[in-house]
Amino acid sequence: MSKQTLVLLYGGRSAERDVSVLSAESVMRAVNYDKFFVKTYFISQTGRFIKTQEFSEKPAETDHLMTNETIQLDQEIKPSDIYDENAVVFPVLHGPMGEDGSIQGFLEVLKMPYVGTNVLSSSVAMDKITTKRVLESTGIPQVAYTVYIEGQDLETCLSETLAKLSFPIFVKPANMGSSVGISKAQSKEELKEAIQLALTYDSRILIEQGVVAREIEVGLLGNAVVKSTLPGEVVKDVDFYDYQAKYIDNKITMAIPAEIDQETMTSMRAYAEAAFKALGGCGLSRCDFFLCQDGQVYLNELNTMPGFTQWSMYPLLWETMGLSYDHLIEELVALAQEMFDRRESHLI
């Protein structure tokens, strides 16, 4: 039986490019090489496409993917050169220019199946403000928020925010993940500084009510039929689960499944599946919730390309459900091909 070609796209131009490398290396080592032949392509910080390694068997522990520090520009290719008629693409890319619909549109133009949500769903889910506005229409509970758009009067925004929200307040770039650019403000001055920091990553800023809550996550998998995992909990050793704590210091542990009551667990899974469908999701996502001390559940965000590192929540959630890392990859590839065939069938 001939092997399926799997193209790993990784790196990228966003601030989450280092996470992408970690995720791609984990996928590269987890693939069942009895079934897949793997090609890898690196997108540099400046947007160059570089042809990197190909693997017909499991890489050695000493094999590592190219990074911006080890880039070989003599291997640069045209972006369209990744085309392979019989391949499925796994865009292991996080953040802007990776999971915001841009690379998905590029792959659709190339007429290549790809893992993950489509152009519209990726774009909507990537933008935290748009996600909130879509989910409001479905009645899914979310924490109170305000919005600042670059160019608006900052003092007016601050006045509106302080009238609606109380400290602590969290400030987030609308189009960024992995906790990049997120700050916790305890005063008006800190709020102004947090907005300025967030503006270095995006022109659309989400300002949210801080809550004392546990952070619970649910994995989603499927196309027309969506499956969800039992919830897992992020257990923090730090007050604020920022990028440094999450990926550099690794000051977190995970409780899978989370120690929560059955009613709350069922509610979260239902909200997660409803959110995924409301945004037109397909393939995969991870839905993140806040669980407050009074039992109130708030949906925080929907991540359409969650981390795939060896300590990432998404693959661990599915492992708890009996779907191993390598079989999860196989399922994602099959879903990608199914969605590609469906899209093509609609072009009549």
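Relevant structure appears above.
Residues numbered from 1 in each chain as written. Predicted model: local features only at pLDDT ≥ 70, side-chain atom pairs only at ≥ 80, totals over all residues. Heavy atoms only, no water.

K.L.:
Pulling in residues and values, what's your account of the overall build of the protein?
P.N.:
Along the protein, the regular secondary structure elements total 10 helices and 15 strands. Here the C-alpha radius of gyration of the protein, 20 Å, is about what a compact globule of 348 residues would show, namely 20 Å. Seen through its C-alpha atoms, the protein measures out along the principal axes to roughly 65 × 50 × 45 Å. The 348 residues of the protein split such that 55% are buried. Here the analysis covers contacts within the protein between residues at least 6 apart in sequence; of these, 69% occur between residues at least 24 apart. On the protein, roughly 15000 Å² of surface is accessible, and the fraction owed to carbon and sulfur atoms is 49%. Across the protein, the mean location of the 30 positive side-chain charges is 2 Å away from that of the 49 negative side-chain charges. (Helix = DSSP H or I, 4+ residues; strand = E, 2+ residues; numbered from the N terminus. Rg over C-alpha atoms; globule rule 2.2 N^0.38 Å. Buried < 20%, exposed > 50% of the residue type's maximum accessible area, 1.4 Å probe, protein only. Contact = heavy atoms within 4.5 Å. Areas by Shrake-Rupley, 256 points an atom, 1.4 Å probe, with all protein chains shown as cover. Lys, Arg positive; Asp, Glu negative; His and termini not counted. Charge placed at Lys NZ, Arg CZ, Asp CG, Glu CD.)

K.L.:
Hey, could you go over unusual backbone geometry for me, with residue numbers and the actual values?
P.N.:
The omega torsion across Phe 167 and Pro 168 is 5°, close enough to zero to call that bond cis. The topology assignment puts Pro 168 in the loop between α5 (154-164) and β7 (169-173). Between Ile 256 and Pro 257 the backbone carries a cis peptide bond, its omega angle lying at -5°. Tracing the sequence through the fold places Pro 257 in the loop between β13 (252-255) and α8 (262-278). Positive phi outside glycine occurs at Met 97, with the angle close to 65°. Examined against the element boundaries, Met 97 turns out to sit in the loop between β5 (87-92) and α2 (102-110). The residue Lys 111 is not glycine, and still its phi comes out positive at about 65°. Checked against the element boundaries, Lys 111 lands in the loop between α2 and α3 (119-126). Judged by its relative accessible area of 48%, Lys 111 is partly exposed.

K.L.:
Lay out the packing of aromatic side chains with the relevant residues and their values.
P.N.:
Counting across every chain of the model gives 6 aromatic pairs. Plain terms: the ring middles of Phe 308 and Tyr 314 are 5.7 Å apart, the flat faces sit at 55° to each other, and that makes the pair tilted. We note that Phe 308, like Tyr 314, is buried. Grouping aromatic residues by their ring pairs yields a cluster made of Phe 90, Phe 308, Tyr 314, Trp 318 and Tyr 325. Geometry around Tyr 145 places Lys 164 over its ring, the cationic atom sitting 5.5 Å from the centre. (Phe/Tyr/Trp six-rings, centres within 6.5 Å; stacked < 30°, edge-to-face > 60°. Lys NZ or Arg CZ within 6 Å of the ring centre and 35° of its normal.)

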